[in-house]
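Working through the structure, step by step
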Amino acid sequence: MTHVEDELSSQPECWIRAAAEAERHVGALPAPGERVAIVGCGTSYFMAQAAAALREGAGQGETDAFAASEFPPARSYDRVVALTRSGTTTEVLELLGRLKGRTPTTAITADPRTPVMQAADEVVVLDFADERSVVQTRFATSALTLLRARLGLHTDVVVADARTALATPLPEGLVDCAQFTFLGRGWTVGLASEAGLKMREASLAWTEAYPAMEYRHGPISVTTHGTATWMLGEAPDGLAEQVRETGGLWVAGGLDPLAELVRVQRLAVAVAAARGIDPDRPRHLTRSVILAP
């Protein structure tokens, strides 16, 4: 078993622990009514997008998401939350340094022995979700679970769905597809982007991701036999039928969208195996991007 397989399989247990941490860290996490920005890089950026949409949708306050390198310096926030598995990512540390003494900051990380512990004003450590893999799975989803739980949006059903996602076979013929498109709506747009990234990182697959209502505005033109379109969350009316009419494979997201992401993680590993690729050694990638001064 690869590291990434082992780690993605542990997610139900990690989510239970992450949800329990939400109550312990109330003071470090955004309070209702605060104007908040959530930042990250790569996978953490897509989790930030999902968390921001969830928080604002829950009526907890205006919430934006940015890649750490694209944070707008002129904007004012009550709190900035940084997601960083490694605690060493250059763009995140530089942003936290610029905000020090100006804006309260919280970092959610997996490693308590890294510079982010001093860079942020508050730190939440999810060390039980740390990973050996370059390709992120359980830390990212555990960080999002922590934030969902803080909003009162995490339930036992989410964990049960994750176990279902791990136990049930992938749709027949999916591994053999040549191209994969992932769709989301609201908070699951970020999950769709993460699904596409996971496939690219682990299996070098051709993937795309879009808001579901945008799919008809051009992207559907590449859908045909040998391609797959996977919906994370509830699909717009009529879209499944339109995809099937193209000859493409439609994959409905019947589980909680975060559990659907677990299914995509499994697919990434399965496609990698079918193509003779080691998902623990993704091409051109390292566990953390640390830039020279």
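As a reminder, the structure under discussion sits directly above these lines.
A few points on the structure. Because the structure is a prediction, the values reported are computed rather than measured.

1. Details of the overall build of the chain
Of the regular secondary structure elements, the chain holds 10 helices and 9 strands. Within the span of the chain, comprising 293 residues, buried residues form 57% of the whole. A separation of at least 24 residues holds for 72% of the contacts in the chain among residues at least 6 apart in sequence. Separation between the mean location of the 27 positive side-chain charges and that of the 36 negative ones in the chain comes to 3 Å.

2. Structural notes on the sheet that holds strand β4 (residues 105-109)
With respect to topology, 5 strands assemble into an open sheet ordered β2-β1-β3-β4-β5, the strand pairing being parallel. Looking along the sheet, the strands with just one partner apiece sit at the ends: β2 (63-67) and β5 (122-125). Neighbour to neighbour, the strand axes of the sheet diverge by 20° on average, direction disregarded. The sheet contacts of helix α3 (residues 43-57) involve β1 (36-40), β2 and β3 (79-84), and relative to β2 the element is tilted by about 170°. Strands in contact with helix α4 (residues 90-99) are β1, β3 and β4; relative to β3, the strand with the most contacts, it is inclined by about 160°.

3. Overview of the pattern of salt bridges
With the rule as written, the count across this model stands at 14 salt bridges. In this structure, R79 engages E34 in a salt bridge whose closest nitrogen and oxygen atoms are separated by 3.6 Å. Highlighted residues: R79 in strand β3 and E34 in the loop between α2 (11-24) and β1, separated in sequence by 45 residues. Between D256 and R148 there is a salt bridge; the shortest N-O distance is 3.1 Å. Taken together, the residues span a long stretch of sequence, with D256 in the loop between β9 (249-251) and α10 (257-274) and R148 in helix α6 (residues 138-150) at a distance of 108 residues. Among the residues examined, D256 registers a relative accessible area of 12% and is labelled buried. Members of the salt-bridge network, linked through shared partners, are E194, K198 and E201.

4. Remarks on the side chain of D161
Relative to the elements of secondary structure, D161 occurs in helix α7 (residues 156-167). It is R148 that comes nearest to the buried, bridge-free D161 among opposite-charge side chains, at 8.5 Å. When near neighbours in sequence (up to four residues on either side) are disregarded, D161 contacts L255, D256 and A259.

5. So, α10
Its 18 residues place the ends of α10 25 Å apart at the C-alpha level, agreeing with the 26 Å of an ideal helix rising 1.5 Å per residue. With 14 of 18 residues buried, α10 is to be regarded as a mostly interior element. For α10, the side-chain oxygen to backbone nitrogen distance between the N-cap and L258 is 3.0 Å, and the N-cap itself is D256. After α10 finishes, the residue G276 shows a positive phi value of roughly 70°.

6. Some words on the sheet that holds β9
Hydrogen bonds between backbone groups are what pair the strands of a sheet, and the pairing can be parallel or antiparallel. Taking strand neighbours across the sheet as the criterion, the 4 strands line up as β7-β6-β8-β9 in an open arrangement whose pairing is parallel. Looking at the sheet topology across the chains shown, the edges are occupied by β7 (206-211) and β9. Taken over all neighbouring pairs, the strand axes of this sheet differ in orientation by 20° on average, direction set aside. As paired strands, strand β8 (residues 227-232) and β9 are joined by 3 bridges and run parallel to one another. Residue pairing across strands places T229 opposite W250, the latter belonging to β9.

7. Overview of the packing of aromatic side chains
A complete count under the given rule lists 5 aromatic pairs for this structure. Measuring from ring centre to ring centre gives 5.6 Å for Y45 and F46, while their planes differ by 35°; the resulting arrangement is tilted. By relative accessible area, Y45 is classed as partly exposed at 23%. Here the aromatic rings of F66 and F71 are separated by 5.7 Å at their centres, their planes lie at 80°, and the arrangement is edge-to-face. In this structure, F66 and F71 share a single accessibility class: buried. Members of the aromatic cluster, connected to one another through ring pairs, are F66, F71 and Y77. Here R35 stacks its cationic end above the ring of Y77, 4.6 Å away from the centre of that ring.

Calculation criteria
Residues numbered from 1 in each chain as written. Predicted model: local features only at pLDDT ≥ 70, side-chain atom pairs only at ≥ 80, totals over all residues. Heavy atoms only, no water. Helix = DSSP H or I, 4+ residues; strand = E, 2+ residues; numbered from the N terminus. Buried < 20%, exposed > 50% of the residue type's maximum accessible area, 1.4 Å probe, protein only. Contact = heavy atoms within 4.5 Å. Lys, Arg positive; Asp, Glu negative; His and termini not counted. Charge placed at Lys NZ, Arg CZ, Asp CG, Glu CD. Pairing = 2+ DSSP bridges. Axes fitted to C-alpha atoms, helices over the stretch in contact; angles between N-to-C directions. Salt bridge = Lys/Arg side-chain N within 4 Å of Asp/Glu carboxyl O. Expected span 1.5 Å × (residues − 1). Polar contact = N/O pair within 3.5 Å; in protein donor to acceptor, adjacent residues only side chain to side chain. Phe/Tyr/Trp six-rings, centres within 6.5 Å; stacked < 30°, edge-to-face > 60°. Lys NZ or Arg CZ within 6 Å of the ring centre and 35° of its normal.

That is the geometry; function is a separate question.
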